[in-house]
Amino acid sequence: MLFTQSVTVVRPAADTDEYGNHKPDWADAARTTVTGVNVQPQGGSSEDTDDRQVTVTGWRLYTPRGMDLDLRESDRVETGGMTLQVTGKVARWPAPGGGVHHIEADLKEVD
């Protein structure tokens, strides 16, 4: 794999609605640029609805050996003109002897 891409990790600020529930505040989100990663397409699906056809494309972010990344399941990733939501837990693969060998994260495009 070539780890030549840059991404921006977007972490929402915490906000509370009128009922006291916590919700993400994307307007005041923190942005961190990360270089040396790889983002690849990961399959896709399409479904026909009454109004239109919807296509969902999955992506997967990889870091090189020895690189941990402060990425959470509540974050978004901006790359290649797309905004992608982290879906599920971020996989941190253990390195022999301790630490993180690399991480993998599933992503899907958001509007």
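About the thresholds
Counting of residues starts from 1 at the beginning of each chain's written sequence and follows it residue by residue. pLDDT decides what is reported in this predicted model: residues at 70 or higher carry local features, side-chain atom pairs at 80 or more are listed and counted, and totals for whole chains, interfaces and linings draw on all residues regardless. Side-chain metrics in this entry use all non-hydrogen atoms of the structure; hydrogen atoms and water are not considered. Note on conventions: DSSP H or I runs of at least 4 residues are helices, E runs of at least 2 residues are strands, and numbering of each starts at the N terminus. Per-residue accessibility, obtained with a 1.4 Å probe over protein chains only, is compared with the maximum for each type, and a residue is labelled buried under 20%, exposed over 50%, and partly exposed between these values. Two residues form a contact once any of their heavy atoms are found within 4.5 Å. One side-chain nitrogen of Lys or Arg within 4 Å of one carboxyl oxygen of Asp or Glu is enough to make a salt bridge. For the purposes of these results, a polar contact is taken to be a pair of N or O atoms within 3.5 Å, where, inside protein, one atom must be able to donate a hydrogen and its partner to accept one; residues adjacent in sequence count only when each atom of the pair is a side-chain atom. Nonpolar cores are built from buried Ala, Val, Leu, Ile, Met, Phe, Trp, Tyr and Cys residues. Side-chain atoms within 4.5 Å join them into one set. We treat two strands as partners when DSSP finds at least two bridges between them.

**Q** What exactly am I supposed to notice about the environment of D106 here?
**A** Structurally, D106 is set in strand 6 (residues 100-109). Residue D106 is classed as partly exposed on the basis of its relative accessible area of 24%. In sequence terms D106 and L61 are 45 residues apart; their C-alpha atoms lie 6.5 Å from each other. Excluding residues that lie within four positions of it along the chain, D106 makes contacts with Q42, W59, R60, Q85, V86 and T87.

**Q** What should I look at first to understand the pattern of salt bridges in this one?
**A** Should their charged atoms come close, side chains of opposite charge can pair. Counted according to the given criterion, the structure contains seven salt bridges. The salt bridge partner of R92 is D68, with a shortest N-O separation of 2.9 Å. Of the two residues, R92 is situated in strand 5 (residues 82-94) and D68 in the loop between strand 3 (53-62) and strand 4 (76-79); the sequence distance between them amounts to 24 residues. Owing to a relative accessible area of 36%, R92 belongs among the partly exposed residues under this scheme. Linked through salt bridges whose partners overlap, the residues forming this network are R11, D70 and D75.

**Q** What is the right way to look at the side chain of Q85 in this model?
**A** When you line up the elements, Q85 lands in strand 5. Only 3.1 Å separates the side chain of Q85 from the side chain of R76, close enough to count as a polar contact. When sequence neighbours within four positions are dropped, the list of residues in contact with Q85 reads W26, E73, S74, D75, R76, D106, L107, K108 and V110.

**Q** What is the right way to look at the nonpolar core in this model?
**A** General note: in soluble globular proteins, nonpolar side chains tend to be found buried as a group. Core analysis: the largest hydrophobic core is formed by 18 residues, its most contacted members being V7, V34, L61, L71, V77 and L107. Sorting the residues of this core by element identifies strand 1 (5-16), strand 2 (22-48), strand 3, strand 5 and strand 6 as the ones contributing at least two each. The biggest single contributor to this core is strand 5, with four residues. Excluding anything up to four places from it in sequence, L107 contacts V39, T57, G58, W59, L61, V77, L84, Q85, V86 and T87.

**Q** Any chance you could explain the pairing of strand 5 here in plain terms?
**A** Along any regular strand, the residues point their side chains to alternate faces of the sheet. With four bridges joining them, strand 4 and strand 5 adopt antiparallel strand pairing. By the bridge assignment, R76 is partnered in strand 5 with Q85. Taking the residues that link successive antiparallel strands as the turn, the strand 4-strand 5 hairpin has two residues, and the phi of G80 there is positive, at about 55°. Linking strand 5 back to strand 6 in an antiparallel pair, the connection comprises five residues, with G97 at a positive phi of about 90°.

Purely geometric stuff here, so don't read any function into it on its own.
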